[in-house]
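Residue-level listing of the chains:
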Amino acid sequence: MTQELYTVEKVAQILGLHVRTVRGYVRDGRIKAVKIGKQYRITKGDLEAFTGVPAPAAAHAPVPRKRFAEVASVTQIDVISMDVANRITNALMAVTNGPKDDTTPLRVDSIYDETNARLKIIVTGSIETTIGLLHIINLYAEQPQ
């Protein structure tokens, strides 16, 4: 069974003292502590022995977590005019900057290579959002030039 350890800062907070005061107590031997690296740690038992009352239990509240799956996709469209590339990019930016139902991160970047008439679109976001953006890209890409 592992013994619960407190930092000097935590002991100061529990006792309502300044950190320097607690460090002084440790150096004077009034509070028994163990030095780990360059910092002191005080066991729960030693804190209880110093105060004469049971030490408060550490609050280990669970961190609320929500599962999130993120996808990054790269779409390259060859033989595309700058005009159509701009329309696709503008449509994606409008969707990306518009009102959102969720708070999941979303990022869209586009690069147009005029020499090769090539558009590259990078989408990073939730699976559902990315699928929706890929459908938009597909609609524009299938239109005749």
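Residues numbered from 1 in each chain as written. Predicted model: local features only at pLDDT ≥ 70, side-chain atom pairs only at ≥ 80, totals over all residues. Heavy atoms only, no water.

## Topic: the packing of aromatic side chains
On inspection of all chains with the given rule, the structure shows one aromatic pair. Aromatic side chains Tyr 25 and Phe 50 sit 5.6 Å apart centroid to centroid with 45° between the ring planes, which places their arrangement in the tilted category. Note that Tyr 25 is positioned in helix H2 (residues 19-28) and Phe 50 in helix H3 (residues 44-51), a separation of 25 residues in sequence. Classification of Tyr 25 as buried rests on a relative accessible area of 17%. The partly exposed category is assigned to Phe 50, whose relative accessible area is 28%. (Phe/Tyr/Trp six-rings, centres within 6.5 Å; stacked < 30°, edge-to-face > 60°. Helix = DSSP H or I, 4+ residues; strand = E, 2+ residues; numbered from the N terminus. Buried < 20%, exposed > 50% of the residue type's maximum accessible area, 1.4 Å probe, protein only.)

## A closer look at the sheet that holds strand S5 (residues 107-113)
Spatial strand order, S4-S6-S5: three strands in an open sheet with antiparallel pairing. This sheet does not close on itself; its edge strands, each paired only once, are strand S4 (70-78) and S5. When the angles between neighbouring strand axes are averaged without regard to direction, this sheet yields 10°. Pairing analysis gives nine bridges linking S4 to strand S6 (residues 118-126), with the strands arranged antiparallel. Bridge pairing in S6 links Val 71 to Gly 125. Helix H5 (residues 127-142) contacts S4, S5 and S6 of the sheet and is inclined by roughly 160° relative to S6. (Pairing = 2+ DSSP bridges. Axes fitted to C-alpha atoms, helices over the stretch in contact; angles between N-to-C directions. Contact = heavy atoms within 4.5 Å.)

## Some thoughts on the sheet that holds strand S3 (residues 39-43)
What links the strands of a sheet is backbone hydrogen bonding, and the strands pair in either a parallel or an antiparallel sense. Pairing is antiparallel in the open sheet, where three strands are placed in the order S1-S3-S2. At either end of the open sheet lies a strand with only one pairing partner, and these are strand S1 (5-7) and strand S2 (34-36). For this sheet, the mean inter-axis angle between neighbouring strands, taken without regard to orientation, is 45°. Pairing geometry for S2 and S3, over three bridges, is antiparallel. Each bridged residue has a counterpart across the sheet, and for Lys 35 the counterpart in S3 is Tyr 40. Packed onto the sheet, H3 meets S1 and S3 and runs at close to 75° relative to S3.

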